2 protein chains.
Amino acid sequence: MFRHVVLLQWTEDATEEQRAEVARRLSGLPDAIPEVRSYRIGHDAGVNEDNYSFAVVAEFDSPEDYVVYRDHPAHLAVIEECIAPILADRAAVQYVL
Amino acid sequence: MFRHVVLLQWTEDATEEQRAEVARRLSGLPDAIPEVRSYRIGHDAGVNEDNYSFAVVAEFDSPEDYVVYRDHPAHLAVIEECIAPILADRAAVQYVL
């Protein structure tokens, strides 16, 4: 398996509605992109200070299938319409499981 | 389940030996800390530019069990001895699965 991990930091003025909309829209991607094998997202629980805001952990059969997800129009639409407007910082790693 | 995700960026002068030592030492933590339910680490696969260097995705029964891991002497020793000397940046999120 091939795992994609991305952590997103929202801007300080990001509203609860905007944060919830990111989660709602991302949750629809596994149905739109059949290459996705596992998709677990979530808002930071607030246990530690200085954390990022949101996590996406997605699994694929191969790096090629991850790239299909990365470049899929449904994914790019969520990034452009929901994520980019409230994105302050981003960190990502892909690794072999 | 409660998932802890951390992405680490190494300094440019971090050696292959230092990077491998982080993975080797972290791999021993599940045996040392019984609260760890799942522990999957890995070096970035190099599919994308501007990625971080290394990922840790760990799962626990509860936030309290995660805190046991976070503050465990065996974990703190790996951070102090292997991670801190080559750490350029860090991003983390904990979230409910």
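Each chain carries its own residue numbering, running from 1 in the written order of its sequence. Chains carry letters and ligands carry numbers; both start at the beginning, A for chains and 1 for ligands, and go up in the order they are written. In keeping with the predicted nature of the model, local features appear solely for residues at pLDDT of at least 70, side-chain atom pairs appear and are counted solely at 80 or more, and the whole-chain, interface and lining totals rest on all residues. Neither water nor hydrogens contribute to the side-chain values; these are computed over all heavy atoms in the structure.

K.L.:
I tried to follow the overall build of chain A on my own but got confused; where do I start?
P.N.:
We count a stretch as a helix when DSSP gives it H or I for four or more residues in a row; a strand needs E for two or more, and each element gets its number in order from the N terminus. Regarding its fold elements, chain A presents 4 helices and 4 strands. Two things to know: the radius of gyration comes from C-alpha atoms, and the globule rule equals 2.2 Å times the number of residues to the power 0.38. At 13 Å, chain A has a C-alpha radius of gyration in line with the 13 Å of a compact globule built from 97 residues. Viewed in the frame of its principal axes, chain A has a C-alpha envelope of about 35 × 25 × 15 Å. Each residue's exposure class comes from its accessible area (1.4 Å probe, protein chains only) as a fraction of the maximum for that residue type: buried when under 20%, exposed when over 50%, partly exposed otherwise. A buried classification covers 45% of the 97 residues belonging to chain A. Taking as baseline every contact in chain A between residues at least 6 positions apart, the subset at least 24 positions apart corresponds to 74%. We call two residues in contact whenever any of their non-hydrogen atoms come within 4.5 Å of each other.

K.L.:
Just checking my understanding: could you explain the UniProt feature "domain: Stress-response A/B barrel" (unreviewed entry) in chain A for this structure?
P.N.:
UniProt positions are given in the numbering used here, feature names are shortened, and annotations may be inferred rather than shown by experiment. In the numbering used here, UniProt assigns the feature "domain: Stress-response A/B barrel" (unreviewed entry) to residues 2–95 of chain A. In residues 2–95 of chain A, the share of helix is 37% and the share of strand is 33%. The end C-alpha atoms are 6 Å apart.

K.L.:
What should I look at first to understand the packing of aromatic side chains in this one?
P.N.:
Note on ring pairs: Phe, Tyr and Trp rings are taken, using the six-membered ring of Trp, and paired if centres are within 6.5 Å. Classes follow the plane angle, with under 30 degrees stacked, over 60 edge-to-face and the rest tilted. Within the structure shown, the criterion is met by 10 aromatic pairs over all chains. Aromatic pair tyrosine 39 of chain B and tyrosine 69 of chain B: ring centres 5.8 Å apart, planes at 65°, arrangement edge-to-face. One end of the pair, tyrosine 39 of chain B, is in strand S2 (residues 38–43); the other, tyrosine 69 of chain B, is in helix H3 (residues 63–70), and 30 residues separate them in sequence. There is no split in this pair, since tyrosine 39 of chain B and tyrosine 69 of chain B are both buried. Among the aromatic residues, those joined into a ring-pair cluster are Phe2, Tyr39, Phe60, Tyr66 and Tyr69 of chain A.

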